[in-house]
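In case you want the letters, here they are:
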Amino acid sequence: MKELIDLGLFTKRERVLASSRIIAVNFDKRHDQVLRDIENIIRGLHKIEETPIRNYFIKSSYLHEQNNQRYPEYIMTRDGFSLLVMGFTGQKALQWKLKYIEAFNKMEAFIKEKQSSEWLQTRKNGKLVRRNETDSLDELLKYAINQGSKTYEKNPDLIYTQYSKLVNSKVGIKKGQREYATRKVLDTIAFIEDMILNTVREEMKNGTEYHDIYAICKERAEQIVKYAYLPMQRLIA
């Protein structure tokens, strides 16, 4: 999942993790102080039998952009974050705690949704439809060039980009966001792409101009979305 830069959260191996460096910035603390707080917690955890430290904190490092030197940092799980910020007090600290709790909740919900068999099957079905749509666009590319399109002749990838943008714009997502789309959005995408592949093939048989084929697909996509009743939340997180 795309990293949440402002909070320093990211996912790895189906876990949501936080960066001590970004936490220090957000909570208005020196990073070396945060590192000392974490190491004090780790020493306390070592005194408790059978406590796996990696369930809380993972020692790491980062590359400083200005001097190209590596410095230590800790990557922490939600539980590690909770142990760390437990001692942070004040109104500003409370506000940041609430922001992090919300972000952790959203990202964990995203992981659970992606792990569900229903979401995985929906995404798989969508990819199959997209492959079939790409095949029809391959045919449309040749068709358009035969009709005199110099643009597609010079830039053949443009046709795939245009139709992909068409689909994404109609369902209200951006490039690269399909991996985070809700099942309802994925279903609608598959419906639109299935419409496109069939419309393209039908209209080529009818001898329709390639410009007009795009216009027809656009109009039909708008009708599909109109009656899909997509919710305001298009992404899982």
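Just so you know, these numbers come straight off a predicted model, no measurement behind them.

1. Some details on the nonpolar core
Point 1. Core analysis: the biggest nonpolar cluster contains 62 residues, and Tyr-100 and Leu-140 have the highest contact counts within it.
Point 2. Setting aside anything within four residues of it in sequence, one finds Tyr-100 in contact with Leu-7, Leu-9, Ile-22, Ile-23, Asn-26, Phe-27 and Phe-81.

2. Examining the packing of helix H7 (residues 158-171) against helix H9 (residues 210-228)
Point 1. Contact geometry of H7 with H9 gives a least axis separation of 10 Å together with a crossing angle of 20°. The orientation of H7 with respect to H9, classified from their angle, is roughly parallel. In the crossing of H7 with H9, the sense of the turn from one axis to the other is right-handed. Of H9, the residues touching H7 (which contributes Gln-162, Tyr-163, Leu-166, Lys-170 and Val-171) are Ile-213, Tyr-214, Cys-217, Lys-218, Ala-221, Glu-222 and Val-225.
Point 2. In terms of residue class, the contact of H7 with H9 is built from eight nonpolar, one polar and three charged.

3. Observations concerning the layout of surface pockets
Point 1. Considering only enclosed or pocket space, the second largest pocket measures out at about 220 Å³ in volume.
Point 2. Around the second largest pocket, the lining residues are Phe-10, Lys-12, Arg-13, Arg-15, Leu-17, Arg-54, Ile-58, Lys-59, Ser-60 and Ile-75.
Point 3. Mapped by element, the contributors of at least two residues to the lining of the second largest pocket are strand S1 (9-12), strand S2 (15-19) and strand S3 (57-63).
Point 4. The biggest single contributor to the lining of the second largest pocket is S3, with three residues.
Point 5. Here the lining of the second largest pocket is built from residues that sort into four nonpolar, one polar and five charged.

4. Concerning unusual backbone geometry
Of all residues except glycine, most have a negative phi; of all peptide bonds, most are trans.
Point 1. Of note, Asn-68 is a non-glycine position whose phi angle comes to about 60°, a positive value.
Point 2. When you line up the elements, Asn-68 lands in the loop between S3 and strand S4 (70-76).
Point 3. Residue classification places Asn-68 among the exposed positions, given a relative accessible area of 55%.
Point 4. Of note, Tyr-229 is a non-glycine position whose phi angle comes to about 50°, a positive value.
Point 5. Among the secondary structure elements, Tyr-229 is positioned in the segment after H9.

5. Looking at the confidence of the model for the chain
Point 1. Residues with a pLDDT of 70 or more make up 90% of the chain, whose mean pLDDT is 87.
Point 2. Taken element by element, the predicted model of the chain shows its lowest mean pLDDT in helix H5 (residues 117-146) (79) and its highest in H9 (95).
Point 3. Note on residues 1-5: pLDDT under 50 across the span, and 13 contacts to partners over four residues away in sequence or across chains.

6. Focus: the pattern of salt bridges
Should the charged atoms of two oppositely charged side chains come close, the side chains can pair.
Point 1. In the structure shown here, the tally under the stated rule is eight salt bridges.
Point 2. The closest approach of N and O atoms between Arg-30 and Asp-32, which form a salt bridge, is 2.6 Å.
Point 3. Across the pair Asp-32 and Arg-36 runs a salt bridge, and its minimum N-O distance is 3.7 Å. Residue Asp-32 and its partner Arg-36 are located together in helix H2 (residues 31-46), separated by four residues, close to a single helical turn.
Point 4. Residue Arg-36 is classed as partly exposed on the basis of its relative accessible area, which comes to 44%.
Point 5. Linked through salt bridges whose partners overlap, the residues forming this network are Arg-30, Asp-32 and Arg-36.

7. Focus on the side chain of Arg-178
Point 1. Looking at where Arg-178 falls in the secondary structure, it is placed in the loop between H7 and helix H8 (183-205).
Point 2. A polar atom in the side chain of Arg-178 sits 3.1 Å from the side chain of Asn-168.

8. Observations concerning the pairing of S2
Point 1. With respect to burial, S2 is a largely interior element, four of its five residues being buried.
Point 2. Direction of pairing for S1 relative to S2: antiparallel, over a ladder of four bridges. Its bridge partner being in S2, Leu-9 is matched across the sheet by Ala-18.
Point 3. Where S1 folds back onto S2 in an antiparallel hairpin, the turn is made up of two residues, including Arg-13, whose phi is positive at roughly 50°.
Point 4. For S2 and S4, the ladder comprises two bridges, and the chain directions are antiparallel. Residue pairing for S4: Ser-19 is matched across the bridge by Ile-75.

Reading the values: the criteria
- Residues numbered from 1 in each chain as written.
- Predicted model: local features only at pLDDT ≥ 70, side-chain atom pairs only at ≥ 80, totals over all residues.
- Heavy atoms only, no water.
- Core = buried A, V, L, I, M, F, W, Y, C linked by side-chain atoms within 4.5 Å.
- Buried < 20%, exposed > 50% of the residue type's maximum accessible area, 1.4 Å probe, protein only.
- Contact = heavy atoms within 4.5 Å.
- Axes fitted to C-alpha atoms, helices over the stretch in contact; angles between N-to-C directions.
- Helix = DSSP H or I, 4+ residues; strand = E, 2+ residues; numbered from the N terminus.
- Parallel < 35°, antiparallel > 145°, perpendicular 65-115°, else oblique.
- Left-handed = near helix turned anticlockwise from the far one by under 90°.
- Nonpolar A, V, L, I, M, F, W, Y, C, P; charged D, E, K, R; others polar.
- 1 Å grid on protein atoms, 1.4 Å probe; cavity = no way out; pocket = protein on both sides within 12 Å on 5 of 7 lines; lining within 4 Å.
- Points joined across faces, edges and corners; volume = space filled by probe spheres on them.
- pLDDT = per-residue confidence, 0-100.
- Salt bridge = Lys/Arg side-chain N within 4 Å of Asp/Glu carboxyl O.
- Polar contact = N/O pair within 3.5 Å; in protein donor to acceptor, adjacent residues only side chain to side chain.
- Pairing = 2+ DSSP bridges.

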